[in-house]
Amino acid sequence: MTAELTSLAHAMLSVRPLVDVLEHPVRLAGPVEIASLVNRMAAGLGAPEFHLTDDHEGLGTFERVVSDHLGLHHRGLDTRFAPTEIDRAADEAVAGGFEALCTRHEIPLPGGGPPLPAYSAGKHGAPAVVIVAACGMPAKLCEEWVRFLAVDHHVLTWETRGLFGPATDAAAPATDVDAQAGDLFAVMDHFDVRTAHLMCLCGGAVVGLAAAHRDPGRVSSLSLWHGDFAAVAAAEKTHHQQNLVALMDMGAADRDRAAAIHPVLCQTMLSTVPPDLAHLVVYPYATADLLFRYCGLNGEIMKTDVTPWLAGLERPVLVVTSEDDETAHPDGSRVVAGALPDAKLHVRPHGDHISLFQGDEDLMKTARDFIQNC
């Protein structure tokens, strides 16, 4: 049963980004008699206190996401565990989790504003890989990639400007793609990394290409994974891309409009996200204010046409997509690969957009082989 406690601790660590931005106490569906166990563990992990209830239907949308991930009703926990067992399980989860894999730094945001959360894993001085993640996603979403790449590389990543950490009275940071590319270089500078391979996921492909165009001398090679090239005129778009561009425009207009479309976007996201990743993927939709800020940032990414940057990019580039990605149309990746002077296109027959983050063995081997052979 200690293993069950450790499993719960890992799950609780994984939902921390979402829990931290919800109204406290977050309500959980679960046997009320184990509330003291759950909250003892939460305290050991630095998480806020939870309120347990048997009323699953009465939970808010994101409380249900948290509850479903923790699965308290299905764990068979009871009141017999000693406090020392609970504490030991929390310690073991931290020691084996993302918190031990990476060191977290807060670095000054270029142009001013809230600090930028940045993460470093692996050996300093080893060949560097910067993971340019999807806009608004917690760094934990890339954990499987960080864990795999950090064996042989110095791996860096960061969380999107203005969307993470405590709210401040500072002016909202710039949302344009050039500013977001500047964050990539700020992270590299902070960790004394001069050049790196850029591994760019989803909308991060636009940010990575912007960075390579801005300062190609700092980019040794790139890989673009299921890139969201919604503004490339020559490429087909999925219904998801077309709808999301319109919703990003609406949500970025003002906070009232973001609040109005918030429930619609929440239901749209939850209907398309695998349950095992929902608690991370829905993070930027958790509150109307977060959504407002996210729409500004991701909207700029989705409106940016990368085509002018491609022909002159003299760097090896791996472009990966799948035939059945219904989120970011594979035609965008085909068009981008065709316009690059030194690109290899890898099209999988199957693999939805979110599956990219689940640590597929074949994908990881593809990434490793490309990076090592550049």
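Read on for a plain summary of the structure. (Residues numbered from 1 in each chain as written. Predicted model: local features only at pLDDT ≥ 70, side-chain atom pairs only at ≥ 80, totals over all residues. Heavy atoms only, no water.)

Focus: the pattern of salt bridges
As a working rule, side chains carrying opposite charge can pair if their charged atoms are close by.
And step 1. Applying the stated criterion to the full structure yields 18 salt bridges.
And step 2. A salt bridge links D183 to R161, with the shortest nitrogen-to-oxygen separation between them at 2.7 Å. Here the residue D183 occupies a position in helix α8 (residues 177–190), and R161 occupies one in the loop between β6 (154–158) and α8, the gap between them amounting to 22 residues. For the residue pair D183 and R161, the accessibility class agrees, reading buried in each case.
And step 3. For D289, the salt bridge identified is with R293, shortest N-O distance 2.8 Å. Here the residue D289 and the residue R293 both occupy positions in helix α13 (residues 288–302), the gap between them amounting to four residues, near one helical turn. (Salt bridge = Lys/Arg side-chain N within 4 Å of Asp/Glu carboxyl O. Helix = DSSP H or I, 4+ residues; strand = E, 2+ residues; numbered from the N terminus. Buried < 20%, exposed > 50% of the residue type's maximum accessible area, 1.4 Å probe, protein only.)

Concerning helix α10 (residues 239–253)
And step 1. Between its terminal C-alpha atoms α10 stretches 22 Å, which fits the 21 Å expected from 15 residues at 1.5 Å a residue.
And step 2. All of the buried residues along α10 are Q241, L244, L247, M248 and G251. Down the axis of α10, the sector holding all buried residues measures 130 degrees, keeping them to one side. (Expected span 1.5 Å × (residues − 1). Arc of directions from axis to C-beta.)

Some details on the nonpolar core
And step 1. In this structure, W145, L224 and W225 are the most contacted members of the largest nonpolar core, which totals 134 residues.
And step 2. If we ignore the near neighbours within four places in the chain, the residues touching L224 are C200, A205, L209, F229, V317, L318, V319, V320 and V336. (Core = buried A, V, L, I, M, F, W, Y, C linked by side-chain atoms within 4.5 Å. Contact = heavy atoms within 4.5 Å.)

Structural notes on the sheet that holds strand β9 (residues 317–322)
And step 1. Read across the open sheet, the eight strands follow the order β3-β4-β6-β5-β7-β8-β9-β10; overall the sheet is mixed. Each of the sheet's edge strands pairs with one partner strand only, and the pair in question is β3 (103–107) and β10 (343–348). On average, each strand axis in the sheet is inclined to that of its neighbour by 20 degrees, with strand direction left out of account.
And step 2. Where strand β5 (residues 128–132) meets β6, four bridges bridge the pair, whose relative direction is parallel. Bridging across to β6, V129 finds its partner in V155.
And step 3. On the sheet, α8 packs against β3, β4 (116–121), β5, β6 and β7 (196–201) and is oriented at approximately 140 degrees with respect to β6. (Pairing = 2+ DSSP bridges. Axes fitted to C-alpha atoms, helices over the stretch in contact; angles between N-to-C directions.)

Quick notes on empty space enclosed by the protein
And step 1. According to the stated counting rule, one finds one cavity of 30 Å³ or more in the structure shown.
And step 2. Its boundaries defined by the atoms lining it, the largest cavity holds a volume of some 120 Å³.
And step 3. Counting residues per element, the ones that place at least two in the lining of the largest cavity are β5, β6, α8 and α9 (204–214).
And step 4. Across the lining of the largest cavity, the residue classes break down as eight nonpolar, four polar and three charged. (1 Å grid on protein atoms, 1.4 Å probe; cavity = no way out; pocket = protein on both sides within 12 Å on 5 of 7 lines; lining within 4 Å. Points joined across faces, edges and corners; volume = space filled by probe spheres on them. Nonpolar A, V, L, I, M, F, W, Y, C, P; charged D, E, K, R; others polar.)

Quick notes on the state of the cysteines
And step 1. Counted by the stated rule, this structure contains zero disulfides.
And step 2. Unpaired in terms of disulfides, C202 finds its nearest cysteine sulfur in C135, a separation of 9.1 Å.
And step 3. Residue C295 stays outside any disulfide, its sulfur separated by 9.7 Å from that of C135, the closest cysteine.
And step 4. The class for C295 is buried, based on a relative accessible area of 1%. (Disulfide = S-S within 2.5 Å.)

A look at the environment of A11
And step 1. You can see A11 is positioned in helix α1 (residues 2–14).
And step 2. Residue classification places A11 among the buried positions, given a relative accessible area of 7%.
And step 3. Separated by 82 residues in sequence, A11 and A93 place their C-alpha atoms 9.1 Å apart.

Quick word on the layout of surface pockets
And step 1. Of the volumes computed, that of the second largest pocket is approximately 500 Å³.
And step 2. Lining the second largest pocket are 24 residues; nearest its centre among them are H240, M269, T327, H353 and I354.
And step 3. Counting residues per element, the ones that place at least two in the lining of the second largest pocket are α10, α11 (255–272) and α13.
And step 4. When residues of the lining of the second largest pocket are assigned to their parent elements, the largest contribution, three residues, is made by α11.
And step 5. Residue composition of the lining of the second largest pocket, by class: 13 nonpolar, seven polar and four charged.

Observations concerning the packing of aromatic side chains
Aromatic ring pairs are described here by two measures, namely the spacing of the ring centres and the angle between the planes.
And step 1. Across all of its chains, the model carries four aromatic pairs by this definition.
And step 2. Each ring, one from F98 and one from Y119, has its centre 5.6 Å from the other, and the planes form 50 degrees; the classification is tilted. On the criterion of sequence distance, the pair formed by F98 in helix α6 (residues 98–101) and Y119 in strand β4 is long-range, its members being 21 residues apart. By the burial criterion, F98 is buried, and Y119 matches it.
And step 3. Aromatic pair F164 and Y283: ring centres 4.5 Å apart, planes at 5 degrees, arrangement stacked. You can see F164 sitting in the loop between β6 and α8 and its partner Y283 sitting in the loop between α12 (278–281) and α13, a full 119 residues away along the chain.
And step 4. Classification of Y283 by relative accessible area gives buried; the value is 2%. (Phe/Tyr/Trp six-rings, centres within 6.5 Å; stacked < 30°, edge-to-face > 60°.)

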